[in-house]
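Below, each chain spelled out in residue letters.
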Amino acid sequence: FDYLRLLEVVIAHSVRTFALLTEGCSAAFSGIALTDHFQDEFLEDAQTPGMLGWDEEHMEVSAGEGHGQVSLANWRVREGALEQASLARGEHIVLKGPPLERYEFGATLRKIDAGAQPALWTLAVSGKLAGMARASEEVELTETFDAFNWHTLHLVRSADGLTVSLDGREMFTLTTPASSERVGLATRNTAAAFTGVWLTGLPEG
C-alpha cells in the first residue's frame, strides 16, 4: 500500500477474478493494472512447494542403478530457501505460474552440495524453443566466482529474445522466436537452494 508491502497470504486455491470494492463509502479509482505475478521468500519451514503453487516437471532421473520420477518430495522449504537436496543424477525441475510469452523472472541461488568443482564456472542457457532446434549461449565466469555463495539471476523474455543478467550485470541476450513458456527452477546432478524467486508478466508490445 503506497509502495509498502503490508500483507502476504498463502491461499489454497487459484484466484480467478479481480475486483474493486467499496464498503460504506464512495471512491474513485484510476491507473488500474493487473499482471501475472508471484514472489516467494520461503519464510516458513512449514510451507511446502505444493502449498506455494509449485508443481513438478516429469522427467526420468537415475540414482545408482535404479531410476525414478522427479518428485516434489525432493524439494523442501528450509531456513528461508527452497532446497533441492537430492544428489540423484539427472534434472530436478519445478515450475510455477502460467505460460507467458513476455516476462521478467528473478531468483537468488547457491550450490549446497560439495561434489566435484570445475576449475572455471560457466553461465549457460540451453533449450528447445517453439519446436525448433536448440538455441544456446554460454559465458565463462571469473576465477573468483564461488557457486556456494548466493548469486542472483535476472531474466527478461521479450518477443524475440532472452536477456540474462547475473548479480546485476547483463551477461548476454539469446535471440529466440516468440513462444509461450512456463518458468521454473532446476538442478542437474547437484543440489541447490533458491530464495527471492519472482515472476512478473509483461504486456504485449
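Look a little higher up for the structure.
Read on for a plain summary of the structure.

What to know about the nonpolar core
- Ranked by internal contacts, the top residues of the largest apolar core, which has 30 residues, are W54, F105, L185 and V197.
- Contributions of two or more residues to this core are made by β5 (75–78), β7 (91–100), β8 (103–111), β9 (122–128), β12 (161–166), β13 (169–175), β14 (181–188) and β15 (192–201).
- Counting residues per element, this core draws most heavily on β15, which supplies four residues.
- In contact with F105, not counting residues within four places along its chain, are L153, H154, L155, V183, G184, L185, V197, W198 and L199.

Quick word on the pattern of salt bridges
- Inspection of every chain in the model, using the stated rule, returns nine salt bridges.
- A salt bridge links R182 to D55, with the shortest nitrogen-to-oxygen separation between them at 3.1 Å. Within this pair, whereas R182 is found in strand β14, its partner D55 is found in strand β2 (residues 55–56), the two being separated by 127 residues in sequence.
- A relative accessible area of 33% places R182 in the partly exposed class.
- Classification of D55 as partly exposed rests on a relative accessible area of 28%.
- Between K111 and D113 there is a salt bridge; the shortest N-O distance is 3.2 Å. Of the two residues, K111 and D113, both sit in the buried class.
- Among the charged side chains, a salt-bridge network with shared partners connects R76, R78, E79 and E83.

Focus on the sheet that holds β2
- Spatially, β2-β7-β14 is the arrangement adopted by the three strands of the open sheet, whose pairing is antiparallel. Of all the strands in the sheet, the pair left with one neighbour each is β2 and β14.
- In this structure, β7 lies alongside β14, joined through seven bridges in antiparallel fashion. By the bridge assignment for β14, L95 is matched with G184.

What counts, and where the lines are drawn
Residues numbered from 1 in each chain as written. Predicted model: local features only at pLDDT ≥ 70, side-chain atom pairs only at ≥ 80, totals over all residues. Heavy atoms only, no water. Core = buried A, V, L, I, M, F, W, Y, C linked by side-chain atoms within 4.5 Å. Buried < 20%, exposed > 50% of the residue type's maximum accessible area, 1.4 Å probe, protein only. Helix = DSSP H or I, 4+ residues; strand = E, 2+ residues; numbered from the N terminus. Contact = heavy atoms within 4.5 Å. Salt bridge = Lys/Arg side-chain N within 4 Å of Asp/Glu carboxyl O. Pairing = 2+ DSSP bridges.

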